[in-house]
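Survey of secondary and tertiary structure
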Amino acid sequence: MKISDYVAQFLTEQGIKHVFVVTGGAVAHLIDSVAKHPGIEYICSQHEQAAAMAVDAYTRVTGNMGAAMVTTGPGLTNLTTGICSLYYDSLPSIFIAADVSTSRLSKNTPGVRQLGFQEAPHIDLVKPITKYATLVEDPLMIRYELEKAVHIATSGRPGPVLVDIPDDLQRVEIDLEDLEPFVPKEEPRDLERIGWQVDTALALVRGSKRPILVLGAAVKIAHVEEQAKNLAERLQIPIALTWATMDMFPGDHPLNTGGFGV
């Protein structure tokens, strides 16, 4: 299987049904593989910033990761505004960036600012605004890096990730049996600390005269909308809603005090 075909198949297995793309020479194989895969469709966004914003909306509406594919250099730099939004709003998403061929990576030629056409330091640029960013240089690590990226994007506090794939690697033929898998380490939950936090919160509610329950984006990120509604109605505490949760309660709900911004 060609690596670009493997990437399209992998995204489909994550439940992603649409990929937002902007074409370019270095990303042609990846987009072509998406176009040929029956389980996923591409949407041409015409501009990378629009693609990143579409990923943001897709993630919020579907509750699943959004995905985008762009070409090297300006294709990647144009994504950054949207990636920032996803990072600061803690939304899981995956960006696949094409890069110049491995032989043209300037990091392999010290002292040269740019060797490959439209090359840019993708990983360094997005590291502060992603949970994980990696350049795939070994074809047999494609499964490992994709699985690791998705695990990081969707675990703990979610956020965007970037997998950078050089042009020449996209067309490499691989045997699936040879691919290195990613095995996440188990992270034990501190149930004692969680219990203490719950007890503290309940004590504050009991001791308050006019409590109000602020519901923000984390309620949706954790997929606990129904639990939050039940809590408010059981305790009969008025609710204040941020923009992210304005659709959780009707405007005439007796506990809804309205929205107050971000």
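Describing the side chain of Thr-130
On the secondary structure map, Thr-130 appears in the loop between helix H6 (122-126) and strand E5 (132-135). Take Thr-130: its relative accessible area is 7%, and that puts it in the buried class. Only 2.9 Å separates the side chain of Thr-130 from the backbone oxygen of Val-126, close enough to count as a polar contact. Contacts of Thr-130, omitting those with residues within four sequence positions, involve Ile-83, Tyr-87, Pro-160 and Val-161.

Some thoughts on a nonpolar patch on the surface
A cluster of nonpolar side chains, namely Leu-191, Ile-194, Val-198 and Leu-202, defines an oily patch on the protein surface of about 320 Å² accessible area. In this fold, Leu-202 is placed in helix H9 (residues 191-207). The class of Leu-202 is partly exposed, set by a relative accessible area of 34%.

A look at the packing of helix H3 (residues 48-62) against helix H5 (residues 80-88)
Direction vectors running N to C along H3 and H5 enclose 25 degrees, while the axes themselves pass 7 Å from each other. By the angle between their directions, the pair H3 and H5 is classed as roughly parallel. Between H3 and H5, the residues in contact are Gln-49, Ala-52, Met-53, Val-55, Asp-56, Thr-59 and Arg-60 and Thr-81, Gly-82, Ile-83, Ser-85 and Leu-86, respectively. When the residues that make up the contact of H3 with H5 are grouped by side-chain class, the tally is five nonpolar, five polar and two charged.

Comments concerning the environment of Lys-220
Within the fold, Lys-220 resides in helix H10 (residues 217-221). Along the sequence, Lys-220 and Arg-234 sit 14 residues apart, while their C-alpha atoms lie 20 Å from each other. In this view, Lys-220 contacts Glu-225, Ala-244, Thr-245, Asp-247 and Met-248; residues no more than four positions away in its chain are not counted. Here Asp-247 takes part through its side chain, which lies 2.7 Å from a polar atom of the side chain of Lys-220.

Focus: the sheet that holds strand E2 (residues 41-44)
Taken in spatial order, the six strands of this open sheet run E2-E1-E3-E4-E6-E5, and their pairing is parallel. At either margin of the open sheet sits one strand with a lone partner, and together these are E2 and E5. The sheet shows a mean angle of 20 degrees between the axes of neighbouring strands, taken without regard to direction. By the bridge criterion, four bridges tie strand E1 (residues 18-21) to E2 in an arrangement that is parallel. Its bridge partner being in E2, Val-21 is matched across the sheet by Cys-44. Where helix H7 (residues 142-154) meets the sheet, its contacts fall on strand E4 (93-99), E5 and strand E6 (160-166), and the angle it forms with E6 comes to roughly 165 degrees.

Quick look at helix H1 (residues 3-13)
Looking at H1, one finds that the buried residues are Ile-3, Ser-4, Tyr-6, Val-7, Ala-8, Phe-10 and Leu-11. Phi turns positive, to about 85 degrees, at Gly-15, one or two residues after H1.

Examining the environment of Ala-232
Of note, Ala-232 is situated in helix H11 (residues 225-235). Measuring from C-alpha to C-alpha, the distance between Ala-232 and Leu-215 comes to 9.9 Å, with 17 residues separating the pair along the chain. Apart from residues no more than four positions distant in its own chain, Ala-232 is found in contact with Leu-213, Ile-237, Ile-239 and Leu-255.

Analysis parameters
- Residues numbered from 1 in each chain as written.
- Predicted model: local features only at pLDDT ≥ 70, side-chain atom pairs only at ≥ 80, totals over all residues.
- Heavy atoms only, no water.
- Helix = DSSP H or I, 4+ residues; strand = E, 2+ residues; numbered from the N terminus.
- Buried < 20%, exposed > 50% of the residue type's maximum accessible area, 1.4 Å probe, protein only.
- Polar contact = N/O pair within 3.5 Å; in protein donor to acceptor, adjacent residues only side chain to side chain.
- Contact = heavy atoms within 4.5 Å.
- Patch = residues over 30% accessible without salt bridge, like charges linked within 9 Å, V, L, I, M, F, W, Y side chains within 5 Å.
- Areas by Shrake-Rupley, 256 points an atom, 1.4 Å probe, with all protein chains shown as cover.
- Salt bridge = Lys/Arg side-chain N within 4 Å of Asp/Glu carboxyl O.
- Axes fitted to C-alpha atoms, helices over the stretch in contact; angles between N-to-C directions.
- Parallel < 35°, antiparallel > 145°, perpendicular 65-115°, else oblique.
- Nonpolar A, V, L, I, M, F, W, Y, C, P; charged D, E, K, R; others polar.
- Pairing = 2+ DSSP bridges.

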